[in-house]
Amino acid sequence: MDKKLKYIIVVIIFILVMIGISRVYTMLNAKIQNEEIQKENIKSQETISNQAKDFSVYNDKGEEVKLSAFKGKPIVINFWTTWCGYCKIEMKYFEELYNQYKDEVVFLMVNSTIEDDKDEANKYITGQGYTFPIYYDITGNAINSYKVTGYPITMFINKDFQINRIHQGMINLETLQKNINNIM
């Protein structure tokens, strides 16, 4: 075989090996990142014990409502927006459990109105026939109190005003039920 042909074959083999190494590296890196995300999700599901921070939101009449007004009762807070697809998907679960527990648990469905439109939020909730009360964070006080950076986020606060859990991302009915049982 001539030297040029050998050289070309070696270069081609080298390139193929490098492509293979690159693919393996990419797959391993994606796997590591996925594992880190799963660890973070597990952390967000773990029980924490922090005193809830008070904040103010506004009801549909424009009246200021403080979180501390509900001390002594279990509280479920859901931060949501109309442009969040996952928020819309999980709303039916909140409606179902609100109807089941509305006399025992306070549900604060907090629309991040500083990042959303109050009229759009009202239109969406009314159009879907949801009956739980909606509160509006028009100043950013609530989302800033808990450093909310993504939606949806659901918080579970026990009657002693301690945060029992914070669930980041969409929640399913079973997880919502479990966390409500934990704060009752």
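Residues numbered from 1 in each chain as written. Predicted model: local features only at pLDDT ≥ 70, side-chain atom pairs only at ≥ 80, totals over all residues. Heavy atoms only, no water.

Asks: Explain the overall build of the protein here, please?
Replies: Summing up its helical and strand segments, the protein has five helices and eight strands in all. Shown N-terminal to C-terminal, the secondary structure of the protein runs as helices and strands in the order α-β-β-β-β-α-β-α-β-α-β-β-α. Counting across all 184 residues of the protein, residues that qualify as buried make up 39%. Sequence separation of 24 or more characterises 73% of the internal contacts of the protein that already satisfy a separation of 6 or more. Of the accessible surface of the protein, which amounts to about 11200 Å², a share of 55% is contributed by carbon and sulfur atoms. (Helix = DSSP H or I, 4+ residues; strand = E, 2+ residues; numbered from the N terminus. Buried < 20%, exposed > 50% of the residue type's maximum accessible area, 1.4 Å probe, protein only. Contact = heavy atoms within 4.5 Å. Areas by Shrake-Rupley, 256 points an atom, 1.4 Å probe, with all protein chains shown as cover.)

Asks: In this structure, what is going on with the state of the cysteines? I would like to understand it.
Replies: A covalent bond between the sulfur atoms of two cysteines is referred to as a disulfide. Across all of its chains, the model carries one disulfide by this definition. The disulfide partner of Cys84 is Cys87, and the gap between their sulfur atoms is 2.4 Å. Its torsion about the S-S bond being 85°, the disulfide of Cys84 and Cys87 is classed as right-handed. Note on accessibility: Cys84 and Cys87 belong to one class, buried. (Disulfide = S-S within 2.5 Å.)

Asks: Could you clarify how one ought to interpret the pairing of strand E5 (residues 106-111) in this entry?
Replies: Remark: a regular strand shows side chains that alternate across the two faces of the sheet. Counting buried residues along E5, six of its six residues qualify, which places the element largely inside the surrounding structure. Neither face of E5 is open: one carries Val106, Leu108 and Val110, the other Phe107, Met109 and Asn111, and all of them are buried. In the sheet, strand E4 (residues 75-80) pairs with E5 via six bridges, with the strands oriented parallel. Across the sheet, Asn78 pairs through a bridge with Met109, a residue of E5. Chirality of the crossover, the property in question, places the unit of E4, helix H2 (residues 85-101) and E5 among those that are right-handed. Here three bridges tie E5 to strand E6 (residues 134-136), and the two strands are oriented parallel to one another. Paired with Met109 across the two strands is Ile134, which belongs to E6. (Pairing = 2+ DSSP bridges. Right-handed = clockwise from strand over helix to strand, strands pointing away.)

Asks: So what exactly am I meant to see when it comes to the packing of aromatic side chains here?
Replies: Under the defined criterion, the tally for this structure stands at seven aromatic pairs. The interplanar angle of 90° and the centroid separation of 6.0 Å between the aromatic rings of Phe55 and Tyr146 together place this pair among those described as edge-to-face. With Phe55 in the loop between strand E1 (50-51) and strand E2 (56-58) and Tyr146 in the loop between helix H4 (141-145) and strand E7 (153-157), this residue pair connects regions lying 91 residues apart in the sequence. Both residues of the pair, Phe55 and Tyr146, belong to the buried class. For the pair Trp83 and Tyr151, a centre-to-centre distance of 5.8 Å together with 90° between the ring planes defines the contact as edge-to-face. Taken together, the residues span a long stretch of sequence, with Trp83 in the loop between E4 and H2 and Tyr151 in the loop between H4 and E7 at a distance of 68 residues. Directly above the aromatic system of Phe161 lies the positively charged group of Lys71, at a separation of 5.0 Å from the ring centroid. Here the guanidinium or amino end of Lys118 rests over the ring plane of Tyr136, the centre of that ring lying 4.9 Å away. (Phe/Tyr/Trp six-rings, centres within 6.5 Å; stacked < 30°, edge-to-face > 60°. Lys NZ or Arg CZ within 6 Å of the ring centre and 35° of its normal.)

Asks: Just checking my understanding: could you explain the confidence of the model for the protein for this structure?
Replies: Overall, the predicted model of the protein reaches an average pLDDT of 84, with 85% of residues at or above 70. Summarising per-element confidence for the protein, the mean pLDDT is lowest in helix H1 (residues 3-45) (67) and highest in E4 (95). Of the regions scoring below 50 in pLDDT, residues 41-49 engages in 16 contacts with residues more than four places distant in sequence or in other chains. (pLDDT = per-residue confidence, 0-100.)

Asks: How should the environment of Ile153 be read in this particular structure?
Replies: Tracing the backbone through its elements, the reader meets Ile153 in strand E7. It is 8.6 Å that separates the C-alpha atoms of Ile153 and Ile171, two residues lying 18 residues apart in sequence. With residues up to four places along the chain from it excluded, the contact list for Ile153 reads Ile77, Asn78, Phe79, Val148, Ile166, His167 and Gln168.

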